[in-house]
Amino acid sequence: MSNTQEFDKDTKAKFKNLITEITVAMMATKLGETPLHIVPMMTKKVDDLGNIWFLSGGHSDHNGHIVNNPKTQLVYSDPKQMEFISVYGNAFISTDQSILEDLYSKDDDRWFDGITDPNLTAIKFTPKEAEFWDSTQNKYINLFKVRATSSAES
């Protein structure tokens, strides 16, 4: 099955701007279970395809949850600017050294023992659906949905 992203250039730009300006997401894993597992995550990058990238500890609970069930929810919030965005999608763990080097910065030394830390992983979050709070209409507006080209659910 392949996915097609049904949003235009302006929507992609709005999505990327919202995510990169707010920077910290609350990442919820264990979707469908209670309680959800929710942790704050610093956004490292939004790539050209709209994937959102994070660094994470390989032994963390949320990494384990992602391995068991990739369905993940991100919530970004900037109350001062009245900007809120909720993004649903799938997360995947990567240990690719070139990706880690691309995402890693000196600030990450607070959590890791450098770029060669064996516990260092990247999380690639592939969005399927996003909604943002439109304060002028006082409601969530669908920013985009990714439509599957087959009838199977992913």
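Whatever comes next refers back to the structure up there.
Keep in mind that what you see is a predicted model, and the values were worked out from it rather than measured. (Residues numbered from 1 in each chain as written. Predicted model: local features only at pLDDT ≥ 70, side-chain atom pairs only at ≥ 80, totals over all residues. Heavy atoms only, no water.)

Enquirer: Go over the nonpolar core, please, and point to the residues and values.
Expert: By size, the foremost hydrophobic cluster in this structure holds 23 residues, and its most contacted members are F15, I52, F54, L74, Y76 and I85. Among the secondary structure elements, those contributing two or more residues to this core are helix 1 (9–22), strand 2 (24–29), strand 3 (37–42), strand 5 (52–57), strand 6 (71–78), strand 7 (83–94), strand 8 (120–134) and strand 9 (139–148). Apart from residues no more than four positions distant in its own chain, F15 is found in contact with V46, G50, I52, I85, V87, P127, A130, L143 and F144. If you look at the next biggest cluster of nonpolar residues, it comprises 8 residues, including L100, L103, F112 and A122. (Core = buried A, V, L, I, M, F, W, Y, C linked by side-chain atoms within 4.5 Å. Buried < 20%, exposed > 50% of the residue type's maximum accessible area, 1.4 Å probe, protein only. Helix = DSSP H or I, 4+ residues; strand = E, 2+ residues; numbered from the N terminus. Contact = heavy atoms within 4.5 Å.)

Enquirer: Talk me through helix 1; I want residue IDs and the actual numbers.
Expert: Under the 1.5 Å per step criterion, the end-to-end length of helix 1 is 20 Å for 14 residues, consistent within 8% with the ideal 20 Å. Turning to helix 1, its buried residues are T11, F15, L18, I19 and I22. Angular distribution of buried residues about the axis of helix 1 spans 90°; they occupy a single face of the element. Residues of helix 1 that are exposed and angled more than 90 degrees away from the buried face: K9, D10 and E21. T23 lies just past helix 1 and shows a positive phi near 70°. (Expected span 1.5 Å × (residues − 1). Arc of directions from axis to C-beta.)

Enquirer: Residues and numbers for a nonpolar patch on the surface, please.
Expert: Judged by side-chain polarity, M26, L36, I38 and V75 come together as a nonpolar surface patch covering roughly 320 Å² of accessible area. Tracing the backbone shows L36 in the loop between strand 2 and strand 3. (Patch = residues over 30% accessible without salt bridge, like charges linked within 9 Å, V, L, I, M, F, W, Y side chains within 5 Å. Areas by Shrake-Rupley, 256 points an atom, 1.4 Å probe, with all protein chains shown as cover. Salt bridge = Lys/Arg side-chain N within 4 Å of Asp/Glu carboxyl O.)

Enquirer: Explain the environment of I115 residue by residue, including any values.
Expert: The residue I115 is located in the loop between helix 3 (97–103) and strand 8 in this model. A C-alpha to C-alpha distance of 6.7 Å links I115 and Y104, two positions 11 residues apart in sequence. If sequence neighbours within four positions are ignored, I115 has contacts with Q97, L100, E101, Y104 and L120.

In short, shape yes, function no, at least from these values alone.
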